[in-house]
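# Coordinate analysis (summary)
One-letter residues, chain by chain:
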Amino acid sequence: MCIDGYGKLDTSNVGKDASMPWFNIRKQNKEKESQESSATEKTGTPKPPVRSAEATPTLPPHMQRLVGERSKACPQRHASVEERRAAYDRKRLAIQYDIEQGYLATKPENPWTHRIELLTEALGTIEDDLKAESEAPPASFYPLPPTPISDITIERGRGIAVSFTIDDHRFAFAETLDWAERGHRVSQPEFRATVGDIENLVPAETPPQLREPLKQHLTDSLAVFATDLRDRALDKEPMPTSATLADLAGLCKVCGGWADWRGRCDACTNRKAREQSLRLEQTRLLRERANESEERHRRAERLPIARRRMADLEAEIAAFERSLREET
Ligand SMILES: [Zn+2]
């Protein structure tokens with residue numbers, strides 16, 4: 001039987017002791033309920049719920065809410081108990097997890113230490129790779145003759161074209177402006193070789209194993225040279241007067257390989273890029289290792305707190321179960 005009897009609830013004691021658990025109120029209500037049900041038995045008709053205007057205002061708002069909720073929950077009382085128990089179980093599991101993790105963290109063998117070891121290993125590999133990069137053997141080099149670069153010609157049409165002669169071989173580069181007009185262009189036009197065979201620039205005496213690398217270097221360096229000519233033309237700067245083939249494949253002072261017309265070395269640029277990415281990875285792993293160490297420390301530090309929380313929860317659950325027993 002579920003009678004809304006809170007109108008008759010004696011609230012004279014409620015609120016005097018702020019720590020009074022809610023289940024005592026339920027107990028009081030229960031007593032009222034049984035009194036009412038015996039009254040019902042005597043008269044044969046159930047008493048209508050009393051919501052007297054005199055009784056309700058004496059109830060503090062938070063108590064009104066509690067009792068209101070209680071009367072609403074009445075038909076699902078068992079469901080509520082089960083829900084409450086399930087909530088306690090979830091809470092217990094979460095604290096149990098914290099305790100286990102905290103306990104693990106205090107042991108010499110633990111997941112954090114294991115991960116820290118793995119990260120240390122990975123960091124060692126990165127150190128080795130960085131060392132290998134810095135100790136790389138000198139790059140290959142073969143000097144080119146100081147053959148003059150002559151007959152530099154600039155032509156302006158729809159795009160700009162440059163051409164020049166090296167050792168009687170003509171080379172030409174041109175801009176392609178298929179989709180972008182100069183003046184309101186949205187992107188760099190393509191500037192590419194249109195005439196010339198690089199093979200003609202590789203000296204006959206070049207060691208066979210260096211022919212291909214030199215050809216590749218000259219292909220790039222020639223494009224750099226042609227681009228410089230184009231930019232000078234656009235900026236109305238004078239053309240180089242004493243450029244030679246040797247200037248297209250100078251010696252890189254850092255790695256001993258070939259540098260291009262502007263003195264830049266591809267091997268060094270690539271090495272720097274590799275070193276940079278290794279250093280980024282190194283920083284990331286160092287941070288990750290520090291996080292693991294911090295997490296382990298934090299977990300161990302929280303162990304006594306987790307144990308205290310568990311004791312509190314167990315006490316709360318025991319009180320709850322006791323209150324249920326007292327109700328029945
Ligand atoms: Zn270099």
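A quick note: this is a predicted structure, and the numbers were derived from the prediction, not measured. (Residues numbered from 1 in each chain as written. Predicted model: local features only at pLDDT ≥ 70, side-chain atom pairs only at ≥ 80, totals over all residues.)

Here the focus is the sheet that holds strand β2 (residues 160-166). What the four strands build is an open sheet, ordered β1-β2-β3-β4; its pairing is antiparallel. Whereas interior strands pair on both sides, the edge strands pair on one side only; in this sheet they are β1 (149-156) and β4 (190-195). This sheet shows a mean twist of 20° between the axes of neighbouring strands, independent of strand direction. Sheet topology note: the strand β3 (residues 169-176)/β4 ladder contains five bridges and is antiparallel. Paired with Phe173 across the strands is Ala193, a residue of β4. Across the sheet, helix α5 (residues 208-234) touches β1, β2, β3 and β4, and the angle it forms with β2 is around 130°. (Pairing = 2+ DSSP bridges. Helix = DSSP H or I, 4+ residues; strand = E, 2+ residues; numbered from the N terminus. Axes fitted to C-alpha atoms, helices over the stretch in contact; angles between N-to-C directions. Contact = placed C-beta atoms within 7 Å.)

Quick look at the nonpolar core now. Core analysis: the biggest nonpolar cluster contains 25 residues, and Val162, Leu218, Leu222, Phe225, Ala226 and Leu248 have the highest contact counts within it. If you list the elements that add at least two residues to this core, you get β2, β3, α5 and β6 (258-259). By residue number, the principal contributor to this core is α5, which donates six residues. What Leu222 contacts, discounting residues up to four positions off in sequence, is Phe171, Ile198 and Leu248. (Core = buried A, V, L, I, M, F, W, Y, C linked by C-beta atoms within 7 Å. Buried ≥ 20, exposed ≤ 12 C-beta atoms within 10 Å, placed from the backbone.)

In the Ramachandran plot, Asp167 falls in the positive-phi region, its phi being about 55° despite a non-glycine side chain. Structurally, Asp167 is set in the loop between β2 and β3. The phi angle at Asp168 is positive, at roughly 70°, despite the residue not being glycine. Examined against the element boundaries, Asp168 turns out to sit in the loop between β2 and β3. By C-beta crowding, Asp168 is classed as exposed, having 8 other C-beta atoms within 10 Å.

So, on to the confidence of the model for the protein. Per-chain confidence: the protein averages 81 in pLDDT, with 73% of residues scoring 70 or above. Low confidence marks residues 1-57, where pLDDT is under 50. Its contacts with residues over four positions away, or in another chain, come to 52 contacts. (pLDDT = per-residue confidence, 0-100.)

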